[in-house]
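Examining the three-dimensional arrangement
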Amino acid sequence: MAGRINDDDVKAVRDAVPIDSVVSEYLQLRNAGGGNLKGLCPFHDEKSPSFQVSPSKGLFHCFGCQEGGDTIAFVMKIDHLSFSETVERLAAKAGITLRYEEGGYNPSHQRGERIRLIEAHQAAAEFYVRALESPEAEIGRKFLAERGFDQDAAAHFRVGYSPAGWDHLTRYLRGKGFSDKELITSGLSQDGRRGPIDRFRGRLMWPISDTAGDVVGFGARKLRDDDNGPKYLNTPETPIYKKSQVLYGIDLAKKDIAKASRAVVVEGYTDVMACHLAGVTTAIATCGTAFGNDHIKILRRLLMDNGSARVIFTFDGDAAGQKAALRAFEDDQKFAAETYIAIAPDGMDPCDLRLVKGDDSVRDLVEPRTPLFEFALRQIVGRYDLETPAGRAAALDEAAAVVAKIKTSSVQREVAVQLAGLVGILDQEFVVHRVAQLARWARDKGGERGGPQGARGPRGGAPQQAAPAPAFSGPALNLRSPAHRTERELLKLALQKPALVSPAFDAYGVDEFTAPPYAAVRRCIEEAGGAEQGVVDDRAYLGAVLDAAPDNTVRNLVTELAVEVFHGKSIDETYAGMHLVHVRLRAVDRRIADVQSSLARLGTNVAPQDLAAAQNEVWVLQQYAQTLRAHGAAAL
């Protein structure tokens, strides 16, 4: 078992890898003001960005689902890694050699499973690239050349070749220290009669990377007639490869997708290559499966779902391509982006189009021409004889059911009007009414199973699982209270700009924060050594506050307050002093009211010395309150 990673090394990893650079590998970030960045949360579905990153604090927080933490927490959550696996991965990115408290330097067999599987795939990708230069791989180089791809193109996309023997790669990876179990788990090898053998043999190989750029699988194309396998063979489902959650080319295209707010979805590896080489560098493809919900989530985070975003699907003009287009339309509304379809003349795919007509034709192809909904409806309507009343009625029934799935009522009505024209029905309102009726029936049917509202979580997210009741009610329920708003702002100052409130803040008691969640955060700051520690070492201070949190609920609130923007325009000593005074004044006024209330309840039953002490306390507090109101922060 691997030893515990040295604490200083963990801190070095946190400091060395900027959180915004890591998060940007998974979603598009934009300026949120106050030095923060924002984007669509990768942990729940949302239409507008509530996910914020604070590069200066090294923290992220989603105000929608309450997920939050530092760089390590983000990678652990998004890639489903253990703490040690995450630190190892980030350390490799930063070039940091880790030390282990119990076991010394970490030998390869102690590395986390995901790290080991990715390392095996990286080694395999390099092996395949070298093998493409071998005499045996002439058939692969010829295949590429016939499709317009030279040596530089192959190198750019890291295309390789798997030797035709039984265990060339298996023996190579064993020599690199990988165990048979790791090779089988990775999907690079499979069980043979005498032990593991190569899964891919005698094929052209495309490495498939995740959004972060790590190779997680391969797509393999058959080259020889005596190969009895399928035309394309992909890596099986493994701990690091889920075909419904990967997009070929996303590692190369993600920056341009985010920059241009546009993505081009093609059908194959060579189509991605052809598009990129022709200048369409936003092209990506699915890997042996239909374009689905998980693919949409990946693109939405990059596109930010803004109004100008466009997704263009290119499908073959044959029946299979048309079927794929209709499947894509089913999920069309899950984009805020406008979706289009592009089909080349003569049904050619982008690879063939580039080969026959050149790069310009590929660029022209993906210029949006036909909205996807229009294409989908034309495909449906085209199957019926619209010259007869029965044909028009049947076409309307099928197409109206598709239009009824559009959730935005204004868009649904607009498409319904266009459907009336496609079918040839002059009474547009009749079609609009029919579509709306089908939509209501679908909602009612869903209601019998708990209803779309009852079955889904906040912001239209996934169904909610029963969770333990939090230790306190969330602060968002109390933000109308001026006292709670002031307390929240003061805690933000203590976490984000401790120099402005230190050392006065550290003299504030936990009971001066009336909202239980805020009192919990104040206690965490106290246990971390106070805001004064933040003046010395900002990063270490925040880490100590997070470590002091008793549970994830409090920890998430700390990250939320540490990244939330301030309400004021000028965040300076005056602003900080005002909030320090307001919180203290309310605490003083509450104490005066408490003492006076106690005296009123006791009446004449209070002992003379107790009465004198209480009256003296009230007088002192009243004088203090008057001084605070007159002199502000100087009286603290």
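These notes cover the structure that comes with them. (Residues numbered from 1 in each chain as written. Predicted model: local features only at pLDDT ≥ 70, side-chain atom pairs only at ≥ 80, totals over all residues. Heavy atoms only, no water.)

Here we look at helix 10 (residues 250-260)
As a reminder, the rule being used: Burial classes follow relative accessibility: with a 1.4 Å probe on protein chains only, a residue under 20% of its type's maximum area counts as buried, one over 50% as exposed, and anything between as partly exposed. By definition, any uninterrupted DSSP run of H or I lasting at least four residues is a helix, any uninterrupted run of E lasting at least two residues is a strand, and each is numbered from the N terminus. Here the arc refers to the set of directions running from the helix axis out to each C-beta atom. Any two residues whose heavy atoms approach within 4.5 Å at even a single point are treated as in contact.
Among all positions of helix 10, only Ile250, Ala253, Lys254, Ile257 and Ala258 are buried. Mapping the buried residues of helix 10 onto a view down its axis gives an arc of 135°, with all of them on the same face. Facing away from the buried side of helix 10, by more than 90 degrees, are the exposed residues Lys255 and Lys259. Looking at the buried side of helix 10, the elements it contacts are strand 9 (203-209), strand 12 (262-266), helix 11 (269-277), strand 13 (283-285) and helix 12 (293-303). Within two residues after helix 10, serine 261 carries a phi angle of roughly 50°, on the positive side.

Some remarks on the pairing of strand 4 (residues 59-62)
The line we're drawing: When DSSP locates at least two bridges between a pair of strands, those strands are taken to pair.
Alternating residues of strand 4 divide into Leu59 and His61 and Phe60 and Cys62, and every residue in both groups is buried. The sheet contact formed by strand 3 (residues 51-54) and strand 4 spans four bridges and is antiparallel. Bridge pairing in strand 4 places valine 53 opposite phenylalanine 60. Taking the residues between adjacent antiparallel strands as the criterion, strand 3 and strand 4 are bridged by four residues, where glycine 58 takes a positive phi near 70°. As judged from the three bridges shared by strand 4 and strand 5 (residues 68-70), these two strands associate in the antiparallel manner. Looking across to strand 5, one finds that leucine 59 is bridged to aspartate 70.

What about the pairing of strand 14 (residues 310-314)?
With four of five residues buried, strand 14 lies mostly within the body of the structure. Of the pairings in the sheet, the one linking strand 12 to strand 14 comprises four bridges and is parallel in character. Residue pairing for strand 14: alanine 263 is matched across the bridge by valine 311. As paired elements, strand 14 and strand 15 (residues 338-342) share five bridges and run parallel to each other. Counted as the bridge partner of isoleucine 312 is tyrosine 340 from strand 15.

Focus: the packing of aromatic side chains
Cut-off, in case you're wondering: Stacked, tilted and edge-to-face pairs are distinguished by plane angle, under 30 degrees for stacked and over 60 for edge-to-face with tilted covering the rest, among Phe, Tyr and Trp rings (Trp via its six-membered ring) whose centres lie within 6.5 Å. Ring-over charges, as used throughout, are those where CZ of Arg or NZ of Lys falls within 6 Å of the ring centre and within 35 degrees of the ring normal.
Scanning the model with the defined rule gives 16 aromatic pairs in all. Aromatic pair tyrosine 26 and phenylalanine 74: ring centres 5.6 Å apart, planes at 70°, arrangement edge-to-face. Separated by 48 residues along the polypeptide, tyrosine 26 in the loop between helix 2 (19-23) and strand 1 (30-33) and phenylalanine 74 in helix 3 (residues 71-79) bring together distant segments of the chain. Lying over the aromatic face of phenylalanine 43, lysine 77 brings its terminal NZ or CZ to 5.8 Å of the ring centre. For arginine 147, the ring lying beneath its charged end belongs to phenylalanine 143, and the centroid distance is 3.6 Å.

A short note on the sheet that holds strand 9
Where we set the bar: All axes here are fitted lines through C-alpha atoms, helices being fitted over the stretch that makes contact, and every angle between N-to-C directions spans 0 to 180 degrees.
Strand order in this open sheet of four strands is 6-9-10-11, and the pairing throughout is antiparallel. Both edges of this open sheet fall to strand 6 (160-162) and strand 11 (232-234), since each of them pairs with a single strand only. Direction aside, neighbouring strands of the sheet carry axes that sit 35° apart on average. Here strand 10 (residues 215-222) pairs with strand 11 via three bridges, running antiparallel. Within the sheet, the bridge partner assigned to alanine 220 lies in strand 11 and is leucine 233. Relative to strand 9, helix 11 is tilted by about 70°, and along the sheet it contacts strand 9, strand 10 and strand 11.

Considerations on the pattern of salt bridges
A side chain with one charge can pair with a side chain of the opposite charge if their charged atoms come near. Our working rule: The term salt bridge refers to a pairing of a side-chain nitrogen on Lys or Arg with a carboxyl oxygen on Asp or Glu at a separation within 4 Å.
Under the definition given, this model contains 29 salt bridges. Across the pair arginine 383 and glutamate 398 runs a salt bridge whose closest N-O atoms are separated by 2.4 Å. Here arginine 383, found in the loop between helix 16 (372-381) and helix 17 (389-403), pairs with glutamate 398, found in helix 17; they are 15 residues apart in sequence, far enough to count as distant. What makes glutamate 398 partly exposed here is its relative accessible area of 28%. Through salt bridges with shared partners, a single ionic network connects Arg488, Glu489, Lys492, Glu560 and Glu564.

So, the packing of helix 5 (residues 113-131) against helix 8 (residues 168-175)
Here is the rule: Note that the term roughly parallel is reserved for angles under 35 degrees, roughly antiparallel for angles over 145, roughly perpendicular for angles of 65 to 115, and oblique for everything else. A clockwise turn of the near helix away from the far one marks a right-handed crossing, whereas an anticlockwise turn of less than a right angle marks a left-handed crossing. For this classification, the nonpolar set comprises Ala, Val, Leu, Ile, Met, Phe, Trp, Tyr, Cys and Pro, the charged set comprises Asp, Glu, Lys and Arg, and every other residue, Gly included, is treated as polar.
The contact between helix 5 and helix 8 brings their axes to 10 Å, and the two run at 130°. One way to sum up the angle between helix 5 and helix 8 is to call them oblique. In this structure, the crossing between helix 5 and helix 8 has a hand that is right-handed. Residue-level inspection shows Ala120, Ala123, Ala124, Phe127, Tyr128 and Arg130 of helix 5 in contact with helix 8, the latter providing His168, Leu169, Tyr172 and Leu173. Taken together, the residues that form the contact of helix 5 with helix 8 break down as eight nonpolar, one polar and one charged.

Here's the deal with the side chain of serine 54
With respect to the secondary-structure elements, serine 54 resides in strand 3. Judged by its relative accessible area of 2%, serine 54 is buried. Aside from chain neighbours lying at most four places away, what touches serine 54 is Ile19, Asn36, Leu59, Ala562 and Val563.

A short note on unusual backbone geometry
With an omega of 5°, the peptide bond running from serine 502 to proline 503 counts as cis. Non-glycine residue glutamine 66 carries a positive phi angle of around 70°. Positionally, glutamine 66 belongs in the loop between strand 4 and strand 5. By relative accessible area, which is 30% here, glutamine 66 ends up partly exposed.

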